[in-house]
There are 2 protein chains.
Amino acid sequence: MAATEPPRRPTQRDIARRAGVSTATVSYVLSGRRGGAKPPPQETRERVMRAVAEIGYQIDHSARSLRRRRTDLVGLMYPAPSSPWSDRLAEQMQAAAAERGLAVVALPVSESTPSDALLRVLRERYVDGAILLPDCPLGGAELSALARQGLSLVVFDDELRPDGFDVVRQDRARSCRAAVERLVALGHRRIGYLAHPGESEWAPARSVKLHGYRRVLGEHGIGVDPDLVRPVADSRPDAYAAVRELLGRPDPPTALLSATDRAAIDAIWAARDLGAAVPEELAVIGIGNIPEGLVISPALTTVGAPVLDFSREVARLFARLESASPLPDAVLAAPWELIVRESG
Amino acid sequence: MAATEPPRRPTQRDIARRAGVSTATVSYVLSGRRGGAKPPPQETRERVMRAVAEIGYQIDHSARSLRRRRTDLVGLMYPAPSSPWSDRLAEQMQAAAAERGLAVVALPVSESTPSDALLRVLRERYVDGAILLPDCPLGGAELSALARQGLSLVVFDDELRPDGFDVVRQDRARSCRAAVERLVALGHRRIGYLAHPGESEWAPARSVKLHGYRRVLGEHGIGVDPDLVRPVADSRPDAYAAVRELLGRPDPPTALLSATDRAAIDAIWAARDLGAAVPEELAVIGIGNIPEGLVISPALTTVGAPVLDFSREVARLFARLESASPLPDAVLAAPWELIVRESG
DNA sequence: CTGAAAGCGCTTACAG
DNA sequence: CTGAAAGCGCTTACAG
């Protein structure tokens, strides 16, 4: 048996030997293309393909990439956990990539382990290009440097200036403020906030939600009651418990803004279970606009992208990837909106 | 300006030239290791590192991989959409990988575009190893072939025999049947099933849920009413609408098994909104055991892994990866369980 | 202590 | 129509 045989992947030399041709011919047959010249004749192709099948040859990605100066891989980087948005984008990228024979890898960056290894995937050219969802740990200078080295990049960010890479603007801060404005306009004065865990320590550019909450309250002369700001994990019993607790206070909030739709949904459950009518006794507005917000009753008022579609952004990445000369920088507008439904 | 300058990544030759050393020395300095010999002296190291910083050099992944015969990349393949389970596994893999200086890429395979390009990531050695969650589109023969070529593989599958790769057994079929058994034992005769879209066309090995549902009903002499089997998309208004419709029938189901916890949760919402008491008037059991099942009230009875932890599986992948000689095949038991809470 | 050289597995202009 | 050869950017045994 071959049990202890050292694993060696067959190479094009093995194919060439077996088919009685040169490695050049093997390569021509496998790639199907060949400069300007005609492809090898049918007979030769068959001999090569037979050898490939018999040996079970698979091309070596590293060698091909080194030689061709491209990896045929694109990445999607996003802060973990995944969401319907990152899932959808991955799916759309994959469809577009498949048409071109490229593969897509997802690069979830965990809050807990902001792995340097993950950034190396971009820096060391594991991929030819990438789409970066908001709040990935890369600064403008670094992105420019990557772009200058030929990496194709489409970056979701509301502040960065494009510089060799494209930027997608969502105006998240504006629409988060609109949500708080709405609650204030509805007459609410005690407005709670379900924060991302650790959000209060984030850089300002990242904590647009908390920042907008504070700012709008301030503008209306409403002080921020720190007791009404609760960090809760995404989609966990935390939010439910926090809302139970908030509603049990002597001076409970009458409205809640939540950094995530999932926590907002948990909040609605909690309110319903406690017999607090939503939105009459507790108005709830989420952030993110995930599809589940449509299912709960009352339907979730939220802030987010109006449609679950990234065709433009995906098209832009591939346009950059395929363009012979560097494309001019683009700014794509994909603004978030306040989506008023029933809960607030 | 360098706007039209063709992007060229600097190489170790550029560093060598600038630092006045050979490329061998650059490589030694950068890698920090050097066969048995001592590393270059401090002064040389500094010169090299200075040149690296000034030029903004980043190593080329393809070239390094080709030479070292390893990519320092591991993959996590799973059927899209992502779930708390795939997220958690990605996070645990990433933590373990980061300790070793490796990166993790996620490989979500979409039902709609079962991309050949994605399989190439495994076949063509983009990665050194991978963990495959259940229902990835790779057969036993193919997995064995990949393993024989030296790919390290840990595969979640209830049927496959390990063969150069390790297998994690969850016994999903058994525990799905246990869920139906429970409903029958509770006296239910009209038991509906919220299926994965397209599940009835899946291969038997993949449709363990539907199959278990049918089989147990058959064993108890309960005919399967096709009207009670509804395909619904994961986490979408579908499930909510389907349950509304089912409960409006003249002969509504008194119990529901759902292929996903999310749809089960939607079902509970729908029942509550219609004033049907859960579990008294409609018992609901989900499959998957996602954390959200704990939040809804009544808490979701479900089937799934009892704890959100993949340390053993992750450790096993890295053991394979790091072992000089091929490890003997392992079968890890990580059985799903019926987790009885309140909803059914 | 350092560098010249070979070679990883491909691709591709080029010569025959 | 086909093959010999150079070279992509690294690493590493080896010679000096």
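Position numbers for residues start from 1 in each chain and track the written sequence from start to end. Written order determines the labels here, with chains lettered from A and ligands numbered from 1. Local features in this predicted model are restricted to residues whose pLDDT is 70 or higher, and side-chain atom pairs enter the listing and the counts only when it is 80 or higher, whereas totals over whole chains, interfaces and linings include all residues. To get the side-chain values, take all heavy atoms of the structure and skip hydrogens and water.

## Here we look at the protein's contact with DNA strand C
Selection criterion: Note on terminology: near, applied to a residue and a molecule or strand, indicates that one of the residue's heavy atoms is within 4 Å of it. Pairing of N or O atoms within 3.5 Å defines a polar contact, subject to two protein rules: one partner must be a possible hydrogen donor and the other a possible acceptor, and residues neighboring in sequence count only if both atoms are side-chain atoms. In DSSP terms, a helix is any run of H or I states spanning at least four residues, a strand is any run of E spanning at least two, and both are numbered starting from the N terminus.
Surveying the vicinity of DNA strand C reveals 26 residues, the closest of which are S27(A), Y28(A), Y57(A), R67(A) and R34(B). Per the 4 Å cut-off to the protein, sugar and phosphate atoms form 59% of the nearby atoms of DNA strand C. Here a phosphate oxygen of DNA strand C and a backbone polar atom of S22(B) are 2.9 Å apart. Of all the secondary-structure elements, those providing two or more residues to the surface near DNA strand C are α2 (23-31) and α4 (61-68) of chain A together with α2 (23-31) and α4 (61-68) of chain B. Tallying contributions element by element places α4(A) first for the surface near DNA strand C, with five residues.

## Brief notes about the domain arrangement of chain A
How big an interface is tends to be expressed through the accessible area that disappears when the partners come together. Convention followed: The split of the chain into domains comes from an automatic or database domain assignment.
On domain assignment, one finds that chain A holds domain 1 (12-59), domain 2 (72-170 + 308-336) and domain 3 (172-304). The distance between the C-alpha centroids of domain 1 of chain A and domain 2 of chain A comes to 36 Å.

## Looking at the protein's contact with DNA strand D
Heads up, the condition is: Residue classes follow a fixed rule: Ala, Val, Leu, Ile, Met, Phe, Trp, Tyr, Cys and Pro count as nonpolar, while Asp, Glu, Lys and Arg count as charged, and any other residue, Gly among them, counts as polar.
In the region of DNA strand D, 26 residues are neighbours, and R34(A), S27(B), Y28(B), Y57(B) and R67(B) sit closest. Expressed as a percentage, the sugar and phosphate content of the atoms of DNA strand D within 4 Å of the protein is 59%. The contact in question runs from a phosphate oxygen of DNA strand D to an N or O atom on the backbone of Q12(B), over 3.0 Å. Between DNA strand D and the protein, one listed contact pairs a base nitrogen with a backbone N or O atom of A63(B) at 3.4 Å. The element that contributes the greatest number of residues to the surface near DNA strand D is α4(B), accounting for five residues. Of the residues contributing to the surface near DNA strand D, the split by class is 11 nonpolar, six polar and nine charged.

## Structural notes on the pairing of strand β5 (residues 166-169) of chain B
Residues and elements named next belong to chain B. To keep it simple, the criterion reads: A pair of strands is labelled paired if DSSP reports no fewer than 2 bridges between them.
As judged from the three bridges shared by strand β4 (residues 152-156) and β5, these two strands associate in the parallel manner. Across the sheet, V155 pairs through a bridge with V167, a residue of β5. Bridging between β5 and strand β11 (residues 331-333) involves three bridges; their strand directions are parallel. If you follow R169 over to β11, its bridge partner there is A333.

## Description of the interface of chain B and chain A
Cut-off, in case you're wondering: The contact rule is simple, with two residues in contact once any of their heavy atoms fall within 4.5 Å. Accessible area, probed at 1.4 Å, shrinks when two parts are joined; the buried area is that loss added up over both. A pairing counts as a salt bridge when a side-chain nitrogen of Lys or Arg comes within 4 Å of a carboxyl oxygen of Asp or Glu.
Taken together, the contact pairs 68 residues of chain B with 68 residues of chain A. Buried surface at the junction of chain B and chain A, both sides included, amounts to about 5,600 Å², of which 55% is carbon and sulfur. On inspection of chain B and its partner chain A, the count reaches six salt bridges. Here D60(B) makes a salt bridge to R69(A), at a shortest N to O gap of 3.2 Å. Of the residues contributing to the side of chain B that touches chain A, the split by class is 33 nonpolar, 17 polar and 18 charged.

## Digging into the environment of P326(B)
Along the polypeptide, P326(B) turns up in the loop between α12 (311-322) and β11. Each C-alpha atom of the pair P326(B) and R148(B) lies 9.7 Å from the other, and the pair is 178 residues apart in sequence.

## Side note on the sheet that holds strand β7 (residues 229-231) of chain A
Two pairing modes exist for strands in a sheet, parallel and antiparallel, and in both the strands are linked by backbone hydrogen bonds. Residue and element names in this part refer to chain A. Put simply, the test is: Axes here mean lines fitted to C-alpha atoms, for a helix over just the part in contact, with angles spanning 0 to 180 degrees between N-to-C directions.
Spatial ordering of the open sheet is given by β7-β6-β8-β9-β10-β12, a layout of six strands whose pairing is mixed. The sheet terminates laterally at β7 and β12 (337-339), the two strands that pair on one side only. Taken pair by pair, the neighbouring strands of this sheet meet at an average axis angle of 20 degrees, ignoring direction. The pairing of strand β8 (residues 255-258) with strand β9 (residues 283-287) spans three bridges and is classified as parallel. The residue of β9 that forms the bridge with A255 is A283. In the packing of helix α8 (residues 172-185) onto the sheet, the strands contacted are β6 (191-195), β8, β9, β10 (301-304) and β12, and the crossing angle to β9 comes to about 175 degrees.

## Details of helix α6 (residues 116-123) of chain A
Stated formally: Only protein chains enter the calculation, and the probe is 1.4 Å; a residue is then buried if its accessible area is under 20% of its type maximum, exposed if over 50%, and partly exposed in between.
In terms of burial, α6(A) is a largely internal element, seven of the eight residues being buried. Residues of α6(A) that are buried: A117(A), L118(A), L119(A), R120(A), V121(A), L122(A) and R123(A). Against β1 (73-79), β2 (103-109), β3 (129-132) and α7 (140-148) of chain A together with α5 (84-99) and β2 (103-109) of chain B lie the buried residues of α6(A). The first or second residue beyond α6(A) is R125(A), which carries a positive phi of 65 degrees.

## Digging into the pattern of salt bridges
Under the definition given, this model contains 51 salt bridges over all chains. Two residues, D72(A) and R70(A), come together in a salt bridge whose shortest N-O distance is 2.5 Å. Assessed through its relative accessible area of 38%, R70(A) is described here as partly exposed. When the shortest N-O distance is used, the salt bridge between D171(B) and R174(B) registers 3.8 Å.

## Describing the packing of aromatic side chains
The line we're drawing: Pairs were defined over the aromatic rings of Phe, Tyr and Trp, the Trp ring being its six-membered one, requiring ring centres within 6.5 Å. Orientation was assigned from the angle between planes: stacked under 30 degrees, edge-to-face over 60, tilted for the rest. Working rule: Lys NZ or Arg CZ, within 6 Å of ring centre, within 35 degrees of ring normal, means a charge sits over the ring.
With the rule as written, the count across this model stands at seven aromatic pairs over all chains. Judged by centre distance (6.0 Å) and plane angle (85 degrees), the ring pair of W85(A) and F310(A) falls under edge-to-face. Here W85(A) is found in helix α5 (residues 84-99), whereas its partner F310(A) is found in the loop between β10 and α12 (311-322), with 225 residues between them in sequence. The exposure classification of W85(A) matches that of F310(A), with both residues buried. Arranged with centres 6.0 Å apart and planes meeting at 70 degrees, the rings of F156(B) and F310(B) form a pair that is edge-to-face. You can see F156(B) sitting in strand β4 and its partner F310(B) sitting in the loop between β10 (301-304) and α12, a full 154 residues away along the chain. A relative accessible area of 2% places F156(B) in the buried class. Residue class for F310(B) comes out buried when judged on its relative accessible area of 6%. One cation-aromatic arrangement involves R206(A) over W202(A); the distance from NZ or CZ to the ring centre is 3.7 Å. Cation over ring: R100(B) sits above F318(B), and NZ or CZ is 4.4 Å from the ring centre.

## So, the relation of the copies chain B and chain A
Keep this limit in mind: When the copies are superposed, the least-squares fit takes in the C-alpha atoms of residues with a pLDDT of at least 70 in both.
The two copies are related by a screw operation: chain B maps onto chain A through 180 degrees of rotation and 0.0 Å of translation along the axis, at an RMSD of 0.1 Å. Here the transformation between the copies is reduced to the relation of a two-fold axis. In this assembly, 99% of the residues forming the interface of chain B have copies in chain A that are likewise at the interface, indicating an isologous arrangement.

## As for helix α1 (residues 12-19) of chain B
Residues and elements named next belong to chain B. Residues of α1 that are buried include every one of Q12, D14, I15, A16 and A19, and no others. On its buried face, α1 is in contact with α2 and α3 (42-55). Structurally, the start of α1 carries an N-cap: the backbone nitrogen of R13 is 3.2 Å from a side-chain oxygen of T11. Looking one or two places after α1, you find G20, whose phi comes out positive at around 70 degrees.

## Let's talk about the sheet that holds strand β8 (residues 255-258) of chain B
All names here are of chain B. In spatial order, the strands read β7-β6-β8-β9-β10-β12; together these six strands make up an open sheet with mixed pairing. Each having just a single partner strand, β7 (229-231) and β12 (337-339) make up the two edges of the open sheet. Adjacent strand axes in the sheet meet at a mean angle of 20 degrees when their direction is disregarded. The sheet contacts of helix α8 (residues 172-185) involve β6 (191-195), β8, β9 (283-287), β10 and β12, and relative to β9 the element is tilted by about 175 degrees. Along the sheet, helix α11 (residues 261-273) makes contact with β6, β8, β9 and β10, crossing β9 at roughly 160 degrees.

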